[in-house]
Amino acid sequence: MNKLQIYTNDWLKIHPYTAVQPSDSYFVNLSNKLYGACTLTTLPDIFRKKLSMYIAAYLEDQISELGLWQSFTAEHKRLYGKYLPFYPTNSNYVADEINEEDIRFIIWNTWQKAASLHEKTYINPNEHAIEEQAGIFYGILEEAYENAPENESLNHYFDHPGTAVEADRKLTWLFGDNYLTEPSMLPYIEQIAPNDRFIVPVGPLALFLHEWISLLTTSDAWKQINGLFTGNPEIPQEIQDKNREIYRNFIEGTNGKRIVYLNGYTELRRFLVNVLKWQDDDNHTLPQMKEYKNFILMTEPEKGVLLAKDICEYIADRENPLYDSEKAQANAFRMLTEEMLCPPDLLIHCINNKLIPDAQLPDGTEKELVQQNADFIARHSLLYYYRGD
């Protein structure tokens, strides 16, 4: 490229400082080289520029020992036994160096978040254009790897929080302004108050800030940051007692079953009155649910009961008489990606017990890929609506 399209100010927006560092000019030039080689014309130009900077920032991360990428892959390996979702790695994969599989994931992550923001579609991770683009980018990074300068200001950046102001800056950047977490936060960042950063999961794995920090450093100093490691709020005793009562009634009325599938509002109302012992009037029997076709109720001792509606057809539970494989093939994937369609505890139960075996991409492909990565897909797509409980 003869003309710069990405400028230093653009590069600084995905960094935690405002003063230009000695290495920045190199990575701005690299970003422009990557941008000039970006052939993903279906991706809006603003995201092609972001993607080019993200790929350059990935290289910067690896050679500067920042630790963002390695924290992500290490946690993914702990959760799922492999470094990456979707993309198999072989003996040539080196976790602390650059890898073509990593680049494929960064391309997919950026493209998918852009698509969900503008088109509400789901990008096939095995899209040929992703593989082709990753090969081009990898060739550029492989050459740059030999002479790219380390960004000393990012070296072990999270080892210590520093002053309160410095810690706040670091957490703000970690939350949604770096190459790995920014894509997930783009639709929400303006709506989130500073204190809410501690209760909203971010990034490809929907990790809370305290989880990110625990991956990035072993320093106990971060535990002094007010709010960062705050535990779950205590549930009042009155509510705890009520939830346990609901649980006992549920289990006794179903011969030990924790989940029931109900066909229509009449069955729902009957269950609420006869099994849960709720009063038989419109103040207690959820008349607003009359418009829905079917329901799932699930109980937990500490949480009482949850209710899901109009997804019975998608769940291949032998206790579920409403399961419909044809409807499941067309719609079960929505449970992994559509906010508030399926309560998180029920979705986790379905994933862990392989109760949505028909889930596949909306275009009817990649069933095996979806099944192997279902929990990741839910984390990546739903964020707070999956891990915010």
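About the cut-offs
- Once a new chain begins, its residue numbering starts again from 1 and follows that chain's sequence as written.
- Per-residue local features are limited, in this predicted model, to residues with pLDDT of at least 70; the limit for side-chain atom pairs, both in listing and counting, is 80 or more; totals at the level of whole chains, interfaces and linings are taken over all residues.
- Processing note: side-chain calculations cover all non-hydrogen atoms of the structure and skip hydrogens and water entirely.
- Any residue with an atom within 4 Å of a point lines the site, the site being either a cavity, points on a 1 Å grid over the protein atoms alone where a 1.4 Å probe fits but cannot get out, or a pocket, an open set with protein on both sides within 12 Å along at least 5 of 7 lines.
- Grid points are joined across faces, edges and corners, and a volume is the space filled by probe spheres set on the points.
- Polarity classes work like this: nonpolar for Ala, Val, Leu, Ile, Met, Phe, Trp, Tyr, Cys and Pro, charged for Asp, Glu, Lys and Arg, and polar for all others, with Gly in that last group.
- Note that the domain bounds were set by an automatic or database domain assignment.
- Any two residues whose heavy atoms approach within 4.5 Å at even a single point are treated as in contact.
- Buried area adds together the accessible area that both of two parts lose upon being put together, with accessible area traced by a 1.4 Å probe.
- Planes of paired rings set the category: under 30 degrees apart is stacked, over 60 is edge-to-face and the rest tilted, where pairs are Phe, Tyr or Trp rings (Trp by its six-membered ring) whose centres lie within 6.5 Å.
- To qualify as a helix, a DSSP run of H or I must reach at least 4 residues; to qualify as a strand, a run of E must reach at least 2; elements of each kind are numbered from the N terminus.
- Think of it in three bands: with a 1.4 Å probe and only protein chains considered, a residue is buried below 20% of the maximum accessible area for its type, exposed above 50%, and partly exposed in between.
- The definition of a nonpolar core used throughout is a set of buried Ala, Val, Leu, Ile, Met, Phe, Trp, Tyr and Cys residues joined through side-chain atoms within 4.5 Å.
- For helices, the fitted axis covers only the stretch in contact; all axes are lines through C-alpha atoms, and the angles between them, taken along N-to-C directions, range from 0 to 180 degrees.
- Each angle gets one of four labels, with under 35 degrees taken as roughly parallel, over 145 as roughly antiparallel, 65 to 115 as roughly perpendicular, and the rest as oblique.
- In this scheme the handedness of a crossing depends on how the near helix is turned from the far one: anticlockwise by less than a right angle means left-handed, clockwise means right-handed.
- In this analysis, a patch consists of residues with relative accessible area above 30% that form no salt bridge, clustered at 9 Å for like charges and at 5 Å for the nonpolar side chains Val, Leu, Ile, Met, Phe, Trp and Tyr.
- We get accessible surface area from the Shrake-Rupley algorithm with a probe of 1.4 Å; when it comes to residues, only the shown protein chains can shield them.
- Salt bridge criterion: a side-chain nitrogen from Lys or Arg within 4 Å of a carboxyl oxygen from Asp or Glu.
- For a helix, the expected span equals 1.5 Å multiplied by the number of residues minus one.
- DSSP bridges decide pairing: two strands pair if at least two such bridges lie between them.

Student: What is the right way to look at empty space enclosed by the protein in this model?
Tutor: Space left empty within the atom packing is revealed by a probe, the size of a water molecule, rolled over the atoms. In the structure shown here, the tally under the stated rule is one cavity of 30 Å³ or more. Taken as a whole, the largest cavity spans an internal volume of roughly 40 Å³. Residue lining of the largest cavity: Ile14, His15, Ala57, Glu60, Leu66, Leu154, Trp173 and Tyr179, and that is the complete set. For the lining of the largest cavity, the per-class residue count stands at six nonpolar, one polar and one charged.

Student: I would appreciate a short explanation of the domain arrangement of the chain in the present structure.
Tutor: The domains assigned to the chain are domain 1 (8-146), domain 2 (164-224) and domain 3 (237-386). Averaged C-alpha coordinates put domain 1 and domain 2 at centres separated by 19 Å. Counting residues at the interface gives 25 residues for domain 1 and 18 residues for domain 2. For the pair domain 1 and domain 2, the summed buried area comes to about 2000 Å², and 75% of that belongs to carbon and sulfur atoms.

Student: I keep staring at the packing of aromatic side chains and nothing clicks. Help me out?
Tutor: We describe a pair of aromatic rings using the distance from one ring centre to the other and the angle between the two ring planes. One pass over the full model with this rule turns up 20 aromatic pairs. Taken together, a centroid distance of 6.0 Å and an interplanar angle of 55° make the contact between Trp108 and Tyr122 tilted. Here the residue Trp108 occupies a position in helix H5 (residues 100-118), and Tyr122 occupies one in the loop between H5 and helix H6 (128-144), the gap between them amounting to 14 residues. Neither Trp108 nor Tyr122 differs from the other in exposure class; each is buried. Geometrically, the ring pair formed by Phe250 and Phe271 is edge-to-face, given 5.2 Å between the ring centres and 65° between the ring planes. Here the residue Phe250 occupies a position in helix H10 (residues 237-253), and Phe271 occupies one in helix H11 (residues 265-274), the gap between them amounting to 21 residues. For the pair formed by Phe250 and Phe271, the shared burial category is buried.

Student: Just checking my understanding: could you explain the nonpolar core for this structure?
Tutor: Proteins that are soluble and globular tend to have nonpolar side chains buried together. Core analysis: the largest hydrophobic core is formed by 109 residues, its most contacted members being Trp69, Ile311, Met335, Leu336, Leu346 and Leu347. Among the elements that make up this core, the one with the highest residue count is helix H3 (residues 45-64) (ten residues). When residues no more than four places from it in sequence are discounted, the contact partners of Leu336 are Leu347, Ile351, Ile356, Val370, Ala374, Ile377, Ala378, Ser381 and Leu382. With 13 residues, the next largest nonpolar core counts Leu262, Leu268, Phe295 and Leu297 among its residues.

Student: Would you mind showing me how to read the layout of surface pockets here?
Tutor: In this structure, the second largest pocket occupies an estimated 470 Å³ of space. If you go around the second largest pocket, you meet 21 residues; those closest to its centre are Gln112, Ser116, Thr337, Glu338 and Ser381. No other element matches the four residues that H5 contributes to the lining of the second largest pocket. Of the residues in the lining of the second largest pocket, the class split is nine nonpolar, seven polar and five charged.

Student: For this particular structure, what's the right way to read the packing of helix H4 (residues 68-80) against helix H16 (residues 374-382)?
Tutor: Packed helices, taken two at a time, are described by their axes: the angle between them and the distance between them. Look at H4 against H16: their axes get within 11 Å of each other, and the N-to-C directions meet at 135°. One finds that H4 runs oblique with respect to H16. Where H4 crosses over H16, the two elements pack in a sense that is right-handed. Facing His76, Leu79 and Tyr80 of H4, the residues of H16 in contact are Asp375, Phe376 and Arg379. A per-class count over the contact of H4 with H16 returns three nonpolar, one polar and two charged.

Student: Before we go on, may I ask you to explain a nonpolar patch on the surface in this structure?
Tutor: A cluster of nonpolar residues, Met340, Tyr384 and Tyr385, forms a patch on the protein surface that exposes about 330 Å² of accessible area. Here Met340 lies in the loop between helix H13 (334-337) and helix H14 (344-352).

Student: Please explain H10 as it appears in this structure.
Tutor: When the terminal C-alpha atoms of H10 are compared, their 24 Å separation across 17 residues agrees well with the 24 Å that a helix rising 1.5 Å per residue should span. Looking only at H10, the buried set comprises Gln240, Asn243, Ile246, Asn249 and Phe250. Directly after H10, the chain includes Asn255, whose backbone phi takes a positive value near 60°.

Student: Whenever I open this one, the sheet that holds strand E3 (residues 304-309) confuses me. Can you help?
Tutor: By definition, the strands of a sheet pair up through backbone hydrogen bonds, in either a parallel or an antiparallel sense. Across the sheet, three strands lie side by side as E1-E2-E3; this open sheet has antiparallel pairing. Edge positions in the open sheet fall to strand E1 (259-263) and E3, since each of these has one partner strand only. For this sheet, the mean inter-axis angle between neighbouring strands, taken without regard to orientation, is 20°. Pairing analysis gives six bridges linking strand E2 (residues 294-300) to E3, with the strands arranged antiparallel. Looking at the pairing, Ile296 lines up with Ala308 of E3. Strands E1, E2 and E3 of the sheet are contacted by H11, whose axis makes an angle of about 135° with E1. Relative to the sheet, H14 contacts E1, E2 and E3, its axis offset from that of E2 by approximately 90°.

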